Amino acid sequence: MKIGIFGGTFDPIHNGHLIVAQETQQKLHLDKILFIPAKKPPHKPDIYITESHHRLRMVEMAINGNSGFDVSDIEINRQGLSYTIETLETLKSQGNLTLIMGHDSFQAIETWHRYLDIIRTTPIVAVIRPGETMLSFSNFSNPLRTLLHEHIIHTDVDSSDRTLIDNTFWRLCILKVP
């Protein structure tokens, strides 16, 4: 099973999140998108965030009726900070995982806990929304640039082009979404 992992604070979840999930699911031929609200995001220590059980419920309500979407409380039930690598390691037995994030989050990936492990083990989709500029790799460290070198696909891909998408060798897919 091919599963898109879409984490975040979702405070609140909105149509933009749902559009990103739908576009990614369709263009990458994913069986399911798993929304994972973070309990305590490490990158937002001083920002007020609505209580996690309310955000979980908002996600449940937003995805209700879409059989290709599901929600997990894995991070909400975890003690301490919500580290993506720990979530991915816990979920890896459920299928082939693809991590979905905004390109702005990917630009800050080197600040993430065990970011090289994330990239080595899980393909990432960095979505670019209308009006946003393309990712810049010039500020990344040599280890990250080396890891990504020749393992990036840019796609406005026709969803029938499964050859490119089904290639498991890519580490980063840059996906434009409406």
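Our structure is the block above this text.
The notes below deal with the structure included here. (Residues numbered from 1 in each chain as written. Predicted model: local features only at pLDDT ≥ 70, side-chain atom pairs only at ≥ 80, totals over all residues. Heavy atoms only, no water.)

Relative to the elements of secondary structure, histidine 17 occurs in helix α1 (residues 15-27). Ignoring sequence-local partners within four residues, the contact set of histidine 17 consists of Phe6, Phe10 and Pro12. (Helix = DSSP H or I, 4+ residues; strand = E, 2+ residues; numbered from the N terminus. Contact = heavy atoms within 4.5 Å.)

The subject of this paragraph is the environment of aspartate 31. With respect to the helices, strands and loops of the structure, aspartate 31 is situated in the loop between α1 and β2 (32-37). Discounting residues that sit within four places of it in the chain, aspartate 31 has contacts with Met1, Lys2, Gln25 and Gly68. There is a polar contact of 2.7 Å between the side chain of aspartate 31 and the backbone nitrogen of lysine 2. (Polar contact = N/O pair within 3.5 Å; in protein donor to acceptor, adjacent residues only side chain to side chain.)

This part takes up the nonpolar core. Counting residues in each nonpolar core, the largest one holds 28 residues, and the members touching the most others are Ile5, Phe106, Ile109 and Ile119. The dominant element in this core, judged by the number of residues it contributes, is helix α5 (residues 115-121), at four residues. Once residues within four sequence positions are removed from consideration, phenylalanine 106 is found in contact with Met101, Ile119, Ile124, Ala126, Leu135, Phe137, Phe140, Leu148 and Leu172. The next biggest cluster of nonpolar side chains, apart from the first, holds 23 residues, and it includes Leu28, Phe35, Val59 and Leu175. (Core = buried A, V, L, I, M, F, W, Y, C linked by side-chain atoms within 4.5 Å. Buried < 20%, exposed > 50% of the residue type's maximum accessible area, 1.4 Å probe, protein only.)

On to the layout of surface pockets. Looking at the largest pocket, its volume works out to about 830 Å³. What lines the largest pocket is a set of 37 residues, among which Gly7, Gly8, Thr9, Ser105 and Trp112 lie closest to the centre. Going through the elements one at a time, β1 (2-8), α1, α3 (84-91), β4 (96-102) and α4 (103-107) are the ones with two or more residues in the lining of the largest pocket. Here the residues of the lining of the largest pocket are counted per class, giving 18 nonpolar, 14 polar and five charged. (1 Å grid on protein atoms, 1.4 Å probe; cavity = no way out; pocket = protein on both sides within 12 Å on 5 of 7 lines; lining within 4 Å. Points joined across faces, edges and corners; volume = space filled by probe spheres on them. Nonpolar A, V, L, I, M, F, W, Y, C, P; charged D, E, K, R; others polar.)

Next up on the list: the packing of aromatic side chains. Within the structure shown, the criterion is met by five aromatic pairs. Plain terms: the ring middles of phenylalanine 35 and phenylalanine 69 are 5.2 Å apart, the flat faces sit at 70° to each other, and that makes the pair edge-to-face. Of this pair, phenylalanine 35 sits in strand β2 while phenylalanine 69 sits in strand β3 (residues 69-71), and the two are 34 residues apart along the sequence. Across this residue pair, the class does not change: phenylalanine 35 and phenylalanine 69 are buried. (Phe/Tyr/Trp six-rings, centres within 6.5 Å; stacked < 30°, edge-to-face > 60°.)

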